[in-house]
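Descriptive structure summary
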Amino acid sequence: MLKAINKMSVKFESRSVNEAFARQAVGAFVAQLDPTMDELGDIKTVVSEAVTNAIVHGYADKMGFITVSVRLFEGRALELKVKDSGRGIADVQQARQPMFTTGDDTRSGMGFTIMETFTDKLRVRSAEGRGTIVTMVKTLREREA
Amino acid sequence: MLHIQQETKETELIVHFSGELDHHEARNAIEKTEDLLVLFPCDRLALELSGLTFMDSSGLAVVMNLFRTCARTKREFAVRGTPPQPMRVFEAAGLPSIMIFEKKGD
């Protein structure tokens, strides 16, 4: 198992105004790896997607806490984890299908597709009534000196 | 925070989105733009995104909603001046193959 060289986590209420806070906090933390603009944009995008899912679906009918944690590893790899204790996803395979959404017309159903496209690995663990943990791994390209 | 401003050029309504477009701003973005379509009659809606500093998949829903509204009301629709980060999101969803994307100044 790889040993993390640095880690952080933030916990906040499931208010949509906190979507911006979450992606900016993660963006500021991963800046120490000197990502490219595209890489930084991808990381902020996937954090925004996972946090929005937790707010819209996990805590659809109540307020709760969301924890976002980041671990950095040797070799410019990072792991992003977004955890909620909301209602959980009944069928994860279905939820991950492009265009599938149980949300309203402000949701595209493309959240998981974007997360899969912009990271190297996506894992979703969910239990109905218990919550959801979305874990994403991404390795940044080596920067030329 | 998303800022929305409009300008008209002949029969084209240009709506400028600047700042960050996420789920928190999506409802307001759709409703305000649809209000502008009522207030400023036009044959064409151009969504000008060059001031957008961030967009996630909520932006896809906003654009799809406006694309459908324009199709329903027989207006042309285009997305203009999209910066690199929002463009990566549009491309991941395949939107450039179903609607018009113009460069800034087109």
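These remarks concern the structure in this document. (Residues numbered from 1 in each chain as written. Chains lettered and ligands numbered in written order. Predicted model: local features only at pLDDT ≥ 70, side-chain atom pairs only at ≥ 80, totals over all residues. Heavy atoms only, no water.)

1. Remarks on helix H3 (residues 84–92) of chain B
Going by this rule: Whether a residue is buried, partly exposed or exposed follows from its accessible area with a 1.4 Å probe, protein chains only, as a fraction of its type maximum: under 20%, in between, or over 50%, in that order. Only runs of H or I of at least four residues qualify as helices and only runs of E of at least two qualify as strands under DSSP, and these elements are numbered from the N terminus. Only heavy atoms matter for contacts: two residues are in contact if any of them lie within 4.5 Å across the pair.
Within H3(B), burial applies to B:Gln85, B:Pro86, B:Met87, B:Val89 and B:Phe90. Each element contacted by the buried residues of H3(B) is listed here: helix H2 (37–58) and helix H4 (111–118) of chain A together with strand S3 (44–55), helix H2 (57–72), strand S4 (76–80) and strand S5 (100–102) of chain B. Of the residues trailing H3(B), B:Gly94 is marked for its positive phi of about 75 degrees.

2. Some remarks on the packing of aromatic side chains
Convention followed: When two rings of Phe, Tyr or Trp (its six-membered ring) have centres within 6.5 Å they constitute a pair, described as stacked for plane angles under 30 degrees, edge-to-face for angles over 60, and tilted for the intermediate range. Only Lys NZ and Arg CZ are tested; either one counts as a charge over a ring when it is within 6 Å of the ring centre and within 35 degrees of the ring normal.
This model, assessed by the stated rule, comprises three aromatic pairs over all chains. Taking 5.8 Å as the distance between ring centres and 85 degrees as the angle between the ring planes, the aromatic pair formed by A:Phe12 and A:Phe21 counts as edge-to-face. Residue A:Phe12 is classed as buried on the basis of its relative accessible area, which comes to 5%. Look at A:Phe21 and you get partly exposed, because its relative accessible area is 39%. Residue placement shows A:Lys11 over the ring face of A:Phe65; its charged tip is 4.9 Å from the ring centre. In this arrangement the basic side chain of B:Arg88 is found over the ring face of A:Phe118, its NZ or CZ atom lying 5.4 Å from the centre.

3. Quick notes on the pattern of salt bridges
Oppositely charged side chains are able to pair whenever their charged atoms sit close together. Quick reminder of the rule: When a carboxyl oxygen of Asp or Glu lies within 4 Å of a side-chain nitrogen of Lys or Arg, that pair is called a salt bridge.
Considering all chains together, one arrives at 17 salt bridges over all chains under this definition. For the salt bridge of A:Lys138 with A:Asp42, the shortest nitrogen-to-oxygen distance reads 3.8 Å. One end of the pair, A:Lys138, is in strand S5 (residues 131–139); the other, A:Asp42, is in helix H2, with 96 residues separating them in the sequence. The pair formed by A:Lys138 and A:Asp42 is uniform in burial state, with each residue classed as buried. B:Arg44 is the salt-bridge partner of B:Glu12, the closest N and O atoms lying 2.7 Å from each other. One end of the pair, B:Glu12, is in strand S2 (residues 12–21); the other, B:Arg44, is in strand S3, and 32 residues separate them in sequence. Each member of the pair B:Glu12 and B:Arg44 is classed as buried. Connected through shared salt-bridge partners, B:Glu12, B:Arg44, B:Glu76, B:Arg80 and B:Glu102 make up one network.

4. Quick notes on the interface of chain A and chain B
Our working rule: When two components associate, each loses some accessible surface as probed by a 1.4 Å sphere; the sum of these losses over both components is called the buried area. Identification of polar contacts relies on pairs of N or O atoms within 3.5 Å, with a donor-acceptor requirement for protein atoms, meaning one able to donate a hydrogen and the other able to accept it, and with residues adjacent in sequence counted only if both atoms are side-chain atoms. In this count, Pro and Cys sit with the nonpolar residues alongside Ala, Val, Leu, Ile, Met, Phe, Trp and Tyr, while Asp, Glu, Lys and Arg are called charged and the others, Gly among them, polar.
Across the contact, 26 residues belong to chain A and 21 residues belong to chain B. Approximately 1,900 Å² of surface area, both sides summed, lies buried where chain A meets chain B, with 52% of it carried by carbon and sulfur atoms. Counting across the interface, chain A meets chain B through six salt bridges. Taking the shortest distance from any N to any O, the salt bridge between A:Asp104 and B:Arg27 comes out at 3.2 Å. Linking chain A with chain B are 16 residue pairs in polar contact (both at pLDDT 80 or more), by the criterion used here. The set of elements that each furnish at least two residues to the side of chain A that touches chain B consists of helix H1 (18–30), H2 and H4 of chain A. Across the side of chain A that touches chain B, the residue classes break down as seven nonpolar, 10 polar and nine charged.

5. Notes on unusual backbone geometry
Residues and elements named next belong to chain B. Residues other than glycine seldom take positive phi values, yet glutamate 10 does so here, at roughly 55 degrees. Structurally, the position occupied by glutamate 10 is in the loop between strand S1 (2–9) and S2. With phi around 60 degrees, lysine 74 is a residue other than glycine that occupies positive phi space. Considering the arrangement of structural elements, one finds lysine 74 in the loop between H2 and S4.

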